[in-house]
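Fold and contact review
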Amino acid sequence: LTSGLESAWNRLKGEEVLTKENIVEPMRDIRRALLEADVSLPVVRRFVQTVSEQAVGVGVIRGVRPDQQLVKIVSDELVKLMGGEVSELTFSKSGPTVILLAGLQGVGKTTVSAKLALYLKKQGKSCMLIAGDVYRPAAIDQLVILGKQVDVPVYAVGTDVKPAEIAKQGLQEAKKKNVDVVIMDTAGRLQIDKTMMDELKDVKRVLNPTEVLLVVDAMTGQEAAALVTTFNLEIGITGAILTKLDGDSRGGAALSVKEVSGKPIKLVGRGERMEDLEPFYPDRMAGRILGMGDVLSFVEKAQEVMKQEDAEDLQKKIMSAKFDFNDFLKQTRAVARMGSMSRVLGMIPGMGKVTPAQIREAEKSLQIMEAMIEVMTPEEREQPELLAESPARRKRIAQESGKTEQQVSQLVAQLFQMRVRMKNLMGAMEGGGSVPALS
Ligand code: GDP
Ligand code: MG
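Residues numbered from 1 in each chain as written. Chains lettered and ligands numbered in written order. Predicted model: local features only at pLDDT ≥ 70, side-chain atom pairs only at ≥ 80, totals over all residues.

1. Overview of the overall build of the protein chain
Along the protein chain, the regular secondary structure elements total 20 helices and eight strands. Per-residue burial over the protein chain gives 43% buried out of 439 residues. Sequence separation of at least 24 residues holds for 75% of the intrachain contacts in the protein chain that already meet a minimum separation of 6. (Helix = DSSP H or I, 4+ residues; strand = E, 2+ residues; numbered from the N terminus. Buried ≥ 20, exposed ≤ 12 C-beta atoms within 10 Å, placed from the backbone. Contact = placed C-beta atoms within 7 Å.)

So, in C-alpha cells, the structure goes:
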C-alpha cells in the first residue's frame, strides 16, 4: 500500500498546483490502495470523487507542497468518513447503562465483553456481565473464566433458557445490585440468519439497551459494509467495535462502517489480553490505512507555521504584486521552520531525507537574508523596486549588514523571482510578471 501511494506522491513532486490533470494518476493509485486495504468499492468510488473535487485548484500558497497538500486532503477525508472525532460510549442517566453486544461467530464478542468490563471498571464503574450464548456450554464457561480474570461478576444460567429470559433476569439482578453497567454477550452465527436476528430483537426488546454495539472483525474487509448494513437495519445499532486490529489487516473495514450505517466505531480491540481495548481514533486509523501516520502530524505542524490568515493576506499581496521584503522574511522563516522538522519530513514518502547539513545550510542562508533585510529602511522593505533601481542603496545595505554587494543583489533578484513564481501560481497571469534586470 505504502509503495503504491509513494509513487503517487512522487509523480506530483515538482508540480505547483493540483489540477484535474495532474491528480488523475495519483488518485488512481489512491483508489487502488484503498481497494487493496479492503475498502468496499462504492465507498472507494465516493471517496475518490470527493477528494478529487476538493483537491483541484489547491496550490502551494499555504506553505505546504501540493503532494503534502494532497496527503492532507486524503487523510482529512478519511478521518471525516470515519466519524471525525472519537465517539464516546453513552451512559444511561438513570438506572444501569445496558450494553448489548452483537456480531457473527468468532469475531471476539465474548472477549470484548470482558475487556469492556475491565475498561469501564478502570473508569470507576461497577459492571456485570450476562452470558447470553446458550448454544455452547463452553461459551458460558469462557465468559465466566474471563469474568474472574477481570474480577467482574457474571450472570449465567444454563443453556436451556432463552436468551431474552436470561437478559430479563440478568437485568433485574443488576438493578438489585445497583450495578452501573450491564454488558450482555450474545451468540453469533457464521453467517447472518433469521434465528440469530430474531433472538437479538427479543433480547433488545427486553433490555432496552443504551448501546447496541456490533462487534466486527477487522479482517472482514469488504464484507463489513454488507454486515453492518444488515445488522443496523435488522436490530438497529448505536455503534461498532472493531477487533483484531493487531493482525495485519489494513483496516479497510473501518472506512465502511460509518459510511454505510451512519454509526461510529467506538472502540477497537488490538490483542487477546484483557487490557487490549481502546477508543477508536479516526486520525490514527487514517494513518494506518494510508500507511503514513506521520504525515498527519507533519501537515498539522505545517499548518501551524502557515496560518490561514497569513496565507490569505499573502495571497492578496501577490495578486497585487505587492509582495515585499517583509512578506519575504515571513515566508522564508516559515519554510525554514518547516525545514527544521526534518525528522517528520524524512518520513514523508517522496520527500527524501533532509540531511542535517541541508538544514544547517538553510538556517545559515536565512540568517544572512535576515541581516540584510534588517538594515533596510521601511520604504525599501515595502518597495523592493527602490533596491532594484539603485546600486547605491544596495551598496549601503551590503556595508551595514556586513555582506557583499553580490549577496544583496542576489536577495533582491530572489524576491522578484518569488513574485513571478507566486503570481504564476495564483493563475494571475494577465500581463505576467518579469524579473527586472538590476541597474
Ligand atoms: P465470539 O465468538 O465473537 O465470542 O469470539 P471470541 O471472543 O470467543 O473470540 C474468538 C477468538 O478471537 C478468540 O481466540 C480470541 O482470543 C480472539 N480475539 C478476540 N479479540 C481479539 C483481538 O483483538 N486480537 C486478537 N489477536 N485476537 C482476538
Ligand atoms: Mg462468544
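2. Topic: the site of ligand 1
In the region of ligand 1, 18 residues are neighbours, and Gly108, Lys109, Thr110, Thr111 and Gly269 sit closest. Here the shell around ligand 1 takes three residues from helix H5 (residues 109-121), the largest share from any one element. (Near = placed C-beta within 6 Å.)

3. A short note on the sheet that holds strand S4 (residues 181-186)
Pairing in this open sheet of eight strands is mixed, and the strands run S3-S2-S4-S1-S5-S6-S7-S8 from one edge to the other. Only two strands of the sheet have a single neighbouring strand rather than two, namely strand S3 (154-155) and strand S8 (277-279). Where strand S7 (residues 265-269) and S8 come together, three bridges link them in antiparallel fashion. Directly across from Gly269, in S8, lies its bridge partner Leu277. Set on the sheet, H5 makes contact with strand S1 (97-102), strand S2 (127-132), S4, strand S5 (211-217), strand S6 (239-243), S7 and S8; between it and S4 the angle comes to about 170 degrees. Across the sheet, helix H8 (residues 194-207) lies against S1, S2, S4 and S5, angled at about 175 degrees from S1, the strand it touches most. (Pairing = 2+ DSSP bridges. Axes fitted to C-alpha atoms, helices over the stretch in contact; angles between N-to-C directions.)

4. Some thoughts on unusual backbone geometry
In terms of backbone geometry, most residues other than glycine have negative phi values and most peptide bonds are trans. Although it is not a glycine, Asp151 adopts a positive phi angle of roughly 60 degrees. Mapped onto the elements, Asp151 comes out in the loop between helix H6 (137-150) and S3.

5. As for the nonpolar core
In this structure, Ala117, Leu129, Val182, Ile183, Val216, Ala240 and Leu242 are the most contacted members of the largest nonpolar core, which totals 92 residues. By residue number, the principal contributor to this core is H5, which donates seven residues. When residues of this core are sorted by domain, at least three fall in each of domain 1 (1-84) and domain 2 (97-280). If near-sequence neighbours (up to four positions away) are discounted, Ala240 is found in contact with Leu213, Leu214, Val216, Val228, Val257, Lys263, Ile265 and Lys266. By size, the runner-up hydrophobic cluster in this structure holds 13 residues, among which are Met369, Val408, Leu411 and Phe416. (Core = buried A, V, L, I, M, F, W, Y, C linked by C-beta atoms within 7 Å. Domains from an automatic or database assignment.)

6. A few points about the pairing of S5
Counted residue by residue, S5 has seven buried out of seven residues, so it is predominantly covered. Side chains of S5 alternate between two faces, with Glu211, Leu213, Val215 and Asp217 and Val212, Leu214 and Val216 buried alike. Both S1 and S5 contribute to a ladder of four bridges, which runs parallel. Bridge pairing in S5 places Ile99 opposite Glu211.

7. With respect to the environment of Leu100
Position of Leu100 among the secondary structure elements: in strand S1. Residue classification places Leu100 among the buried residues on the basis of 27 C-beta atoms within 10 Å. Through-space distance from the C-alpha of Leu100 to that of Leu207 is 8.2 Å; in sequence the pair is 107 residues apart. The contact partners of Leu100, leaving out residues within four places of it in the chain, are Met184, Val203, Lys204, Leu207, Pro209 and Val212.

8. Considerations on the packing of helix H2 (residues 24-36) against helix H3 (residues 41-55)
For the pair H2 and H3, the least separation of the axes is 10 Å and the interaxial angle reads 150 degrees. Relative to H3, the element H2 lies roughly antiparallel. Note that H2 runs across H3; the crossing there is right-handed. Across from Met27, Ile30, Arg31, Leu34 and Leu35 in H2, the residues of H3 making contact are Val44, Phe47, Val48, Val51 and Ser52. In terms of residue class, the contact of H2 with H3 is built from eight nonpolar, one polar and one charged. (Parallel < 35°, antiparallel > 145°, perpendicular 65-115°, else oblique. Left-handed = near helix turned anticlockwise from the far one by under 90°. Nonpolar A, V, L, I, M, F, W, Y, C, P; charged D, E, K, R; others polar.)

9. With respect to the packing of helix H7 (residues 163-176) against H8
Between H7 and H8, the shortest axis-to-axis distance is 8 Å and the interhelical angle comes to 20 degrees. With respect to H8, the element H7 is oriented roughly parallel. By crossing handedness, the relation of H7 to H8 is classed as right-handed. Facing Pro163, Ala164, Ala167, Lys168 and Leu171 of H7, the residues of H8 in contact are Glu199, Asp202, Val203, Val206 and Leu207. Classifying every residue of the contact of H7 with H8 by side-chain character gives seven nonpolar, no polar and three charged.

10. Concerning the confidence of the model for the protein chain
Caution applies to low-pLDDT regions: their predicted coordinates should not be interpreted in detail. Here the protein chain averages 82 in pLDDT, and 77% of its residues register 70 or above. By mean pLDDT, the top-scoring element of the protein chain is S1 (98), and the lowest-scoring one is helix H15 (residues 342-347) (42). Confidence drops under a pLDDT of 50 for residues 340-353, and excluding neighbours within four residues, the segment shows 29 contacts in the predicted structure. With pLDDT under 50 throughout, residues 428-433 is counted as low confidence; its partners more than four residues away or in other chains account for seven contacts. Of the two predicted TM-score estimates for the complex, the pTM is 0.67 and the ipTM is 0.99. (pLDDT = per-residue confidence, 0-100.)

11. Describing the environment of Glu259
With respect to the helices and strands, the residue Glu259 is situated in helix H10 (residues 252-261). A count of 19 C-beta atoms within 10 Å places Glu259 in the partly exposed class. Those residues in contact with Glu259 that sit more than four places away from it in its chain are Val43 and Leu81.

12. Some remarks on the pairing of S4
For S4, the tally of buried residues reaches six of six residues, placing the bulk of the element in the interior. A two-sided burial pattern is seen for S4, the buried positions comprising Val181, Ile183 and Asp185 on one face and Val182, Met184 and Thr186 on the other. Taken together, the four bridges between S1 and S4 define a ladder with parallel strand orientation. Paired with Leu100 across the bridge in S4 is Met184. Examined bridge by bridge, S2 and S4 share six bridges and lie parallel to one another. Looking at S4, one finds that Ile130 is bridged to Met184.

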